[in-house]
Amino acid sequence: MSEHKRYNFHHHARLSVAPMMDWTDRHCRYLHRLLSADTLLYTEMVTSAALVRGGALRLLEFDAAEHPVALQLGGSDPQELAQAAKLGQARGYDEINLNVGCPSDRVQSGTFGAVLMKDPARVAACVSEMRAAVDIEVTVKCRIGVDDQDPEYVLPEFLARIVAAGCERVTIHARKAWLQGLSPKENRDIPPLDYDLVHRMKGLFPNLHISVNGGIESLDAAQGFLDAGLDGVMIGRTAYHQPTDILGTADQRIYGADTQTTAQDAVLQMLPYIESHLGAGGRLNQVTRHMLGLFAGRPGARLWRRILSEEAHKPGAGPEVVEAALAQVQTVIQNAEDALSEKEQSNA
């Protein structure tokens, strides 16, 4: 049995940050965890082949502060996925998630990702083998269908198969994926969303923990899905580009905690992490590229982005760049507050 702490995923999976290639790396997740203690975090997709055949175990590295954190795997060979899942559990991940939603050509050529929606029996076999190999939860992230499939018919069959194989939680991206004719980016926006179908799946599978994903851009919208009976909500790009808006108040609004984290708090808490990363030979912009949206929609946001974008990539750049950018933002905020106070006094 795994020795690390067990988490209540019916609690944490009420809100999660979607696995996003090139975005949700360990530095991003560390920042997101500072903003929210409860939100469930996911890695970028890691292929089972890279781990099992390629020996790329460095892809599994993460900071203990990131818990609860799930490893998303891509693959279609049940035995190989089982081996990869065992590697993930051994490294301390809290959940193994199978990607059945990514529509990129590279993923299709490997016969995994969204193309697996066409082969629910294989997905079930993958889930079954992974469940037998590990004692942490095995979950699935899928689409409602692909290409000319009728989601009304294929999605219930798909869910029934994976539930029978031992999957107890699933995240459904409420769009089809078009494997031919649309780019991965277009597949995130062009196929229409069908949230009603996801709600109907909850009616058909009342004991299955179902999270909805796709096009959700605010905590108000997330709370609406929870109030309507879904078990969880997964937010992607908005959580990345506006992390303070989504994650900074999530613990309070979604989980009922009495705390929230400001952008300034997060920046100050990132400084020791940045020092450690630089001390290990890393570069500043590997971390700060994930911090650009911290002040989105707030005074000083443009100045913050500009300073980090222009300075963080330079050789020898260190925490002083981040501190200088924060000082500039704080000056803008103070000036705005002073101007408002003067206006209120003059109107009195």
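Residues numbered from 1 in each chain as written. Predicted model: local features only at pLDDT ≥ 70, side-chain atom pairs only at ≥ 80, totals over all residues. Heavy atoms only, no water.

### Some thoughts on helix H16 (residues 301-311)
- The complete set of buried residues in H16 reads Ala-301, Trp-304, Ile-307 and Leu-308. For H16, the angular spread of the buried residues around the axis is 140 degrees, confining them to a single face.
- Of the surrounding elements, those touching the buried residues of H16 are helix H14 (263-279), helix H15 (284-288) and helix H17 (319-347). (Buried < 20%, exposed > 50% of the residue type's maximum accessible area, 1.4 Å probe, protein only. Helix = DSSP H or I, 4+ residues; strand = E, 2+ residues; numbered from the N terminus. Arc of directions from axis to C-beta. Contact = heavy atoms within 4.5 Å.)

### With respect to the packing of aromatic side chains
- In total, this model carries five aromatic pairs according to the counting rule given.
- Aromatic side chains Phe-62 and Tyr-93 sit 4.4 Å apart centroid to centroid with 40 degrees between the ring planes, which places their arrangement in the tilted category. Pair noted here: Phe-62 is in the loop between helix H3 (48-52) and strand E3 (69-74) and Tyr-93 is in the loop between helix H4 (78-91) and strand E4 (95-100), with a separation of 31 residues, a long-range link. No difference in accessibility class separates Phe-62 from Tyr-93, as the two residues are buried.
- Ring centres 4.8 Å apart and planes at 70 degrees place the aromatic pair Tyr-195 and Phe-225 in the edge-to-face group. Of this pair, Tyr-195 sits in helix H9 (residues 195-204) while Phe-225 sits in helix H10 (residues 219-227), and the two are 30 residues apart along the sequence.
- The class for Tyr-195 is partly exposed, based on a relative accessible area of 22%. (Phe/Tyr/Trp six-rings, centres within 6.5 Å; stacked < 30°, edge-to-face > 60°.)

### Quick notes on the packing of H4 against helix H6 (residues 120-133)
- It is the contact of H4 with H6, at a shortest axis distance of 8 Å, that shows an interaxial angle of 35 degrees. For H4 against H6, the interelement crossing comes out right-handed. Contacts between H4 and H6 involve Pro-78, Gln-79, Leu-81, Ala-82, Ala-85 and Lys-86 on the former and, on the latter, Arg-122, Ala-125, Cys-126, Glu-129, Met-130 and Ala-133.
- Looking at the contact of H4 with H6 residue by residue, the classes come out as eight nonpolar, one polar and three charged. (Axes fitted to C-alpha atoms, helices over the stretch in contact; angles between N-to-C directions. Left-handed = near helix turned anticlockwise from the far one by under 90°. Nonpolar A, V, L, I, M, F, W, Y, C, P; charged D, E, K, R; others polar.)

### Topic: the layout of surface pockets
- Here the largest pocket is characterised by a volume of approximately 680 Å³.
- Looking at the largest pocket, it is lined by 31 residues, and the ones nearest its centre are Pro-19, Met-20, Lys-141, His-173 and Arg-188.
- The biggest single contributor to the lining of the largest pocket is strand E5 (residues 137-146), with three residues.
- A class-by-class count of the residues in the lining of the largest pocket yields 13 nonpolar, ten polar and eight charged. (1 Å grid on protein atoms, 1.4 Å probe; cavity = no way out; pocket = protein on both sides within 12 Å on 5 of 7 lines; lining within 4 Å. Points joined across faces, edges and corners; volume = space filled by probe spheres on them.)

### What about the pairing of E3?
- Judged by how many residues are buried, E3 sits mostly within the fold: six of six residues are covered.
- Summarising the sheet, strand E2 (residues 40-47) and E3 pair through five bridges and their orientation is parallel. Pairing of Val-46 across the sheet is with Leu-73, part of E3.
- Bridge count between E3 and E4: four bridges; the pairing is parallel. (Pairing = 2+ DSSP bridges.)

### Description of the pattern of salt bridges
- Scanning the model with the defined rule gives 16 salt bridges in all.
- For Glu-157, the salt bridge is made with Arg-161, and the minimal N-O distance between the two is 3.6 Å. Taken as a pair, Glu-157 and Arg-161 lie in helix H7 (residues 151-164) at a separation of four residues, close to a single helical turn.
- Residue Glu-157 is classed as partly exposed on the basis of its relative accessible area, which comes to 39%.
- A relative accessible area of 35% places Arg-161 in the partly exposed class. (Salt bridge = Lys/Arg side-chain N within 4 Å of Asp/Glu carboxyl O.)

### Some thoughts on empty space enclosed by the protein
- Evaluation of the coordinates by the stated rule reveals one cavity of 30 Å³ or more.
- In this structure, the largest cavity spans a volume of roughly 50 Å³.
- Around the largest cavity, the lining residues are Ala-13, Ser-16, Tyr-42, Glu-95, Asn-97, Thr-139, Arg-169, Val-170, Thr-171, His-209 and Ser-211.
- Counting only elements with at least two residues in the lining of the largest cavity, the list comes to E4, strand E6 (169-177) and strand E7 (209-213).
- When its residues are assigned to classes, the lining of the largest cavity shows three nonpolar, six polar and two charged.

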